[in-house]
Amino acid sequence: HSTLRYKKDFVAEDRKVFLTGEAWFEVARDTSKPFVIDAGAALVEVLGTSFNVNAYKENSVVEITVESGLVAMSAKNAQKDLIVMKAGSGGTYHKRQKELTLLASTDPNKISWKTRELYFEGSTLREVAELLNRVYGAELVIANPGIASCEITVTFKDQSLEAILTVLEKTLDLDISRSGDKIRLDGKGCDE
């Protein structure tokens, strides 16, 4: 559900795109023409790097996760104030408060939709299900509220949704069933 718009003469004039939603960028270096992303309330400018931008209209923040290089972000209406992010860090622009925040390190799951690498350490089943829904476009539903707080520590690298569900089923003693597009997670709950 993301859109990326740009002018027909994108390379000739400037390297500016308009993003609604989320996208991963790998930008070729060109110091004479910075690459600019208009993400609604925020502007992102780079010279050459790879990074993720999450700028869905319904989200209260615009989020940047930088994998390599340097990325600068400013409020669209206050471009003098900006933050510069380097590899392994990130930043946010809070739309309502009109506030930029530099994050020293970022959650590796922020770009799991691209990498298919998922890291859970003491994560609740609710958190796991929410991330799987985003990454795989799934519709996992927790049927028994008692299992939502069950914790799991596990890493998945480039695994299918079916393989992940099998691990969750065996590890947390879940009953998993399908009804149309919905995947129902049920079980007895966990011992505290």
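Residues numbered from 1 in each chain as written. Predicted model: local features only at pLDDT ≥ 70, side-chain atom pairs only at ≥ 80, totals over all residues. Heavy atoms only, no water.

**Brief notes about helix 3 (residues 125-136)**
The test is simple: By definition, any uninterrupted DSSP run of H or I lasting at least four residues is a helix, any uninterrupted run of E lasting at least two residues is a strand, and each is numbered from the N terminus. A helix's residues, less one, multiplied by 1.5 Å, set its expected span. Whether a residue is buried, partly exposed or exposed follows from its accessible area with a 1.4 Å probe, protein chains only, as a fraction of its type maximum: under 20%, in between, or over 50%, in that order. By definition, the arc is the one covered by directions from the helix axis to the C-beta atoms.
In a regular helix each residue adds 1.5 Å, so 12 residues correspond to 16 Å; helix 3 covers 16 Å between its end C-alpha atoms and thus fits that length. When we look at burial in helix 3, the residues that qualify are L125, V128, A129, L131, L132, V135 and Y136. Taken down its axis, helix 3 places every buried residue within 165 degrees of arc, on the same side. Within two residues after helix 3, G137 carries a phi angle of roughly 65 degrees, on the positive side.

**Details of the pattern of salt bridges**
We count it as follows: We define a salt bridge as a contact between a side-chain nitrogen of Lys or Arg and a carboxyl oxygen of Asp or Glu at a distance within 4 Å.
Summed over the entire model, instances satisfying the criterion amount to four salt bridges. Among the ionic pairs, E162 bridges to R178, the shortest N-O distance being 1.9 Å. Of the two residues, E162 is situated in helix 4 (residues 161-171) and R178 in strand 14 (residues 174-179); the sequence distance between them amounts to 16 residues. With its nearest N and O atoms 3.1 Å apart, the salt bridge here joins D186 to R184. On the accessibility criterion, D186 (22% relative accessible area) is partly exposed. With relative accessibility at 42%, the residue R184 sits in the partly exposed group.

**Considering the confidence of the model for the protein chain**
Filter applied, for reference: Looking at any residue, its pLDDT shows the predictor's confidence there, from 0 to 100.
Chain-level pLDDT for the protein chain is 89 on average; 97% of the residues reach the 70-or-more range. Put simply, helix 1 (residues 10-13) is where the protein chain has its lowest mean pLDDT, 69, and strand 12 (residues 140-142) is where it has its highest, 95.

**Here we look at the side chain of E22**
What counts is decided by this rule: Positive charge is attributed to Lys and Arg, negative charge to Asp and Glu, and no charge count is given to His or to the chain ends. The definition of a polar contact used here is a pair of N or O atoms within 3.5 Å, where within protein one atom must be able to donate a hydrogen and the other to accept one, and adjacent residues in sequence count solely through side-chain atom pairs.
Looking at where E22 falls in the secondary structure, it is placed in strand 2 (residues 15-27). Comment: no salt bridge for buried E22; closest opposite-charge side chain is R134, at 6.4 Å. Here the side chain of E22 touches N52 through a polar contact of 2.9 Å, side chain to side chain.

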